[in-house]
Amino acid sequence: IDILISRGHPEIPRPHKHSCTCNDCLTALDEEDHLISTFKTYDTYKAICNPVYINRLANDPILMVFYLADELIEMAEHKRALRSKYEELALNTETYAADLIALCRTSDEVRIILNEKEGSRLKGNFLFPRLILAVDYKQKLFVAQTNVQEVLEAAWVGDWYEWKTYTSLRRVFHAFGRMITLLCLYIFCIFLPKSTQAQFYSIPVNRMLSSVSSYLIFLCLLFLESHRDKKDQTRYDFQNNIKIKIFIFVYILSHILNSFRMITLLCLYIFCIFLPKSTQAQFYSIPVNRMLSSVSS
């Protein structure tokens, strides 16, 4: 490949999409034999997906693999006669991305790759944008690769190393025990967000435990409210039950606001997909969009 490029041979042109209706594609459909055209497209993809070719021409081989695998799956859906061949080629291409990140020797090298923002449409300080992109492109082999999973588990647990040694039963007890101290933890994190304890309770696994505990408290309040109504069997006294209703109302309202925020972010993300790349930076520079992106992170 290096010899051919050094002699002035051009790069292999990427095949157009099957839905393309440009003049070249229409001319090829009229003049070329359909069978020859079909296998020509497959052979072109087979050459482009060669690992040596990808390494030689791509500045970001993993990102190029994501794009190629997505195109191959799309071609497999369109070219039913060559579906098995395209799926096999897509699998080999996906395997190459997993093999590339498997070459990393340290966690820092894996984090550098996973924190790469090239190709990602997400704005803001998101953790591991390349991993999010891999999930969007359904790169299961890349996501399930051992190095990726180890780094992901380390980010999930943080510096709470004892969590890995806990049994399932002990982890369940942690969720119930968090219900007792949940209010104190929230107050502590609000007024002392930079402290060591606040940082500890901000790691993903602790945030998950706090979320589960808050939901359990909500279910307990609903049970108490429902049980009291059935037990009295009298005319409902709103004044005597106002305290529990306030907690239930606050919990539901907070979830409604959070859902509204997530829907707004999703709408902005979908809207940004259809914008040119030159316009995306200007769009996200709007103060409201910057605020939403920072809150989401």
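Residues numbered from 1 in each chain as written. Predicted model: local features only at pLDDT ≥ 70, side-chain atom pairs only at ≥ 80, totals over all residues. Heavy atoms only, no water.

The chain carries the name Transient receptor ion channel domain-containing protein in an unreviewed UniProt entry, which gives Cuerna arida as its organism.

1. Thoughts on the overall build of the chain
The helix and strand inventory of the chain stands at 16 helices and zero strands. For the chain, the proportion of its 297 residues judged to be buried stands at 29%. At a minimum sequence separation of 6, the contacts of the chain that also span at least 24 residues come to 61%. When the accessible surface of the chain is split by element, carbon and sulfur atoms take 62% of a total near 20,200 Å². (Helix = DSSP H or I, 4+ residues; strand = E, 2+ residues; numbered from the N terminus. Buried < 20%, exposed > 50% of the residue type's maximum accessible area, 1.4 Å probe, protein only. Contact = heavy atoms within 4.5 Å. Areas by Shrake-Rupley, 256 points an atom, 1.4 Å probe, with all protein chains shown as cover.)

2. Digging into the pattern of salt bridges
As enumerated under the stated definition, the model contains five salt bridges in all. Among the ionic pairs, Arg-14 bridges to Glu-71, the shortest N-O distance being 2.9 Å. Of this pair, Arg-14 sits in the loop between helix H1 (2-6) and helix H2 (23-31) while Glu-71 sits in helix H5 (residues 61-78); the two residues are 57 residues apart in sequence, bridging distant segments of the chain. The partner of Arg-83 in a salt bridge is Glu-87, and the shortest N-O contact between them spans 3.0 Å. Remark: Glu-87 and Arg-83 occur in helix H6 (residues 83-102); sequence separation between them is four residues, near one turn of the helix. Under the relative-accessibility criterion, Arg-83 is labelled partly exposed at 30%. With a relative accessible area of 36%, Glu-87 lands in the partly exposed category. (Salt bridge = Lys/Arg side-chain N within 4 Å of Asp/Glu carboxyl O.)

3. A word on the side chain of Asn-147
Structurally, the position occupied by Asn-147 is in helix H10 (residues 146-157). One polar contact links the side chain of Asn-147 to the main-chain carbonyl oxygen of Ile-101, over a distance of 3.1 Å. Polar side-chain contacts of Asn-147 include one of 3.4 Å to the backbone oxygen of Ala-102. If sequence neighbours within four positions are ignored, Asn-147 has contacts with Ile-101, Ala-102, Cys-104 and Val-110. (Polar contact = N/O pair within 3.5 Å; in protein donor to acceptor, adjacent residues only side chain to side chain.)

4. Digging into the packing of helix H3 (residues 34-48) against H5
The N-to-C vectors of H3 and H5 enclose an angle of 160 degrees; their axes lie 11 Å apart at closest approach. One way to sum up the angle between H3 and H5 is to call them roughly antiparallel. Crossing angle aside, the handedness with which H3 passes H5 is left-handed. Where H3 abuts H5, its residues Thr-41, Tyr-45 and Ile-48 lie against Met-64, Leu-68, Glu-71, Leu-72 and Met-75. Its residues assigned to classes, the contact of H3 with H5 comprises six nonpolar, one polar and one charged. (Axes fitted to C-alpha atoms, helices over the stretch in contact; angles between N-to-C directions. Parallel < 35°, antiparallel > 145°, perpendicular 65-115°, else oblique. Left-handed = near helix turned anticlockwise from the far one by under 90°. Nonpolar A, V, L, I, M, F, W, Y, C, P; charged D, E, K, R; others polar.)

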